[in-house]
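# Architecture at a glance
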Amino acid sequence: MIARRWFAASTLAVALLTAAPTLAEAATVPVRVRIIKGSRQGPAAVDPRLADLRGQLGRLAYVKWDQVGEHHADMGLGKSVSLPLPDGATLELTLVDAHKNTVTFQVRVPARLTNSRLTISKDQRIVHQVTDEKTGEAYFATIRPWP
Amino acid sequence: MTVCLLFAPMIGARPGDLTGEEASALAEHLASCNACQGRLADEEVLSGMLSEALMAEANRRDFSAFSDEVLARIPTLERAGARTAPQGGMLRPILGWVRHHRLLAAASALAPTLAALALIVYLGQGSAPEGAPVEVSSEGRSTMVLETSEGPVVLLGDLEPEGS
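Residues numbered from 1 in each chain as written. Chains lettered and ligands numbered in written order. Predicted model: local features only at pLDDT ≥ 70, side-chain atom pairs only at ≥ 80, totals over all residues.

Attention now goes to the overall build of chain B. From N to C terminus, chain B includes six helices and three strands. Its helices and strands in sequence order give chain B the pattern α-α-α-α-α-α-β-β-β, from N to C terminus. A burial count over chain B gives 3% of its 164 residues as buried. Within chain B, residue pairs in contact and separated by at least 24 positions form 25% of the contacts whose partners lie at least 6 positions apart. (Helix = DSSP H or I, 4+ residues; strand = E, 2+ residues; numbered from the N terminus. Buried ≥ 20, exposed ≤ 12 C-beta atoms within 10 Å, placed from the backbone. Contact = placed C-beta atoms within 7 Å.)

Tallying secondary structure elements over chain A gives two helices and nine strands in all. The secondary structure elements of chain A, listed N-terminal to C-terminal, are α-β-β-α-β-β-β-β-β-β-β. Within the span of chain A, comprising 147 residues, buried residues form 30% of the whole. Sequence-distant contacts in chain A: of pairs separated by 6 or more residues, those separated by 24 or more amount to 42%.

The next point concerns the pairing of strand β3 (residues 64-75) of chain A. Residue and element names in this part refer to chain A. Note: strand β1 (residues 29-39) against β3, 11 bridges, orientation antiparallel. Along β3, the bridge assignment pairs V33 with H71. In the sheet, strand β2 (residues 45-46) pairs with β3 via two bridges, with the strands oriented parallel. Residue pairing across strands places V46 opposite W65, the latter belonging to β3. (Pairing = 2+ DSSP bridges.)

Below, the discussion takes up unusual backbone geometry. Working note: non-glycine residues mostly have negative phi, and peptide bonds are mostly trans. Residue and element names in this part refer to chain A. We note that L113 has phi near 55°; this positive angle belongs to a residue other than glycine. Within the secondary structure, L113 sits in the loop between β6 (102-109) and β7 (114-121). On the basis of neighbour count, L113 is assigned to the partly exposed category, with 13 C-beta atoms found within 10 Å. Of note in the backbone geometry, T135 takes a positive phi value of approximately 45° without being a glycine.

Let us now look at the nonpolar core. Residues and elements named next belong to chain A. Grouped together as the largest cluster of nonpolar side chains are 29 residues, with contacts concentrated most on L93, F105, I126, V130, F140, A141 and I143. Tallying contributions element by element places strand β9 (residues 137-145) first for this core, with five residues. Those residues in contact with F105 that sit more than four places away from it in its chain are L93, T94, L95, V96, L118, I126 and I143. (Core = buried A, V, L, I, M, F, W, Y, C linked by C-beta atoms within 7 Å.)

What follows deals with the pairing of β7 of chain A. Relative to β7 of chain A, β6 of chain A runs antiparallel, the two being bridged by eight bridges. Paired with V109 of chain A across the two strands is T114 of chain A, which belongs to β7 of chain A. Hairpin connection of β6 of chain A to β7 of chain A: four residues between the antiparallel strands, including L113 of chain A at a positive phi of 55°. Judged from the five bridges that link them, β7 of chain A and strand β1 (residues 134-138) of chain B form a sheet pairing that is antiparallel. What sits directly across from N115 of chain A, in β1 of chain B, is S137 of chain B.

Set out below in structure tokens:
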């Protein structure tokens, strides 16, 4: 009797360990999306709220950066969120895949006929241009999972 | 007499026990003290008798069969141990259970292996992929992706004129 219970407990433990990745993937991923504006003109300045993006923004020709919007969402696998952009277009963000340390997003801007699929690790973020550049200014979306 | 009490413990000392000064003082005293000369003679006789007696006793014993006797005692000890311990030790009931529950025993042995395998699979799935894949498609415009250690930067190019 004791042996049977022990066997059942072992089987349950194995089943739980096997199912753990599935359970982890089923959980939602908290995502922070910021809409930022880059300008080629004006004094070089980065909005203090964008300090964590300096490494990525510094690679671009835009010298002045401001945050114009911020959104938070708990995204389930395969779920999408639509976010309005300053020019009236819509940003569609979909959580395509999620693992323990990596996550894959689909970033779509239907008005721009743009569709990106990007996989990043837990400590990375995506910076994605979402509008065309006009008069030296363009809007970007920055996406960070597990902020 | 007081001087004899001082030298009496030195009489019969083994070579090296006395310092040079003590040895020369003892020799000087022995040369002039009959009582201590007598003690030295007794000591030498007694020492000789003792060593001779020990050697005689040792020679009387026959050690040729010593190793055989020790080896002969080993099986006896094993038999005595077997009488005090349970038949087959602690292993016998376990082996008996395994014989009667072969399937359970096999499954029980397999469980830790499966658990380890599941853990390896779980950890393997969590690892970051080599070179995070980036796919960008855009109709009618060029795109550029900058890979940085902090994540990708996707830039949209200008709209291309139709027919280009």
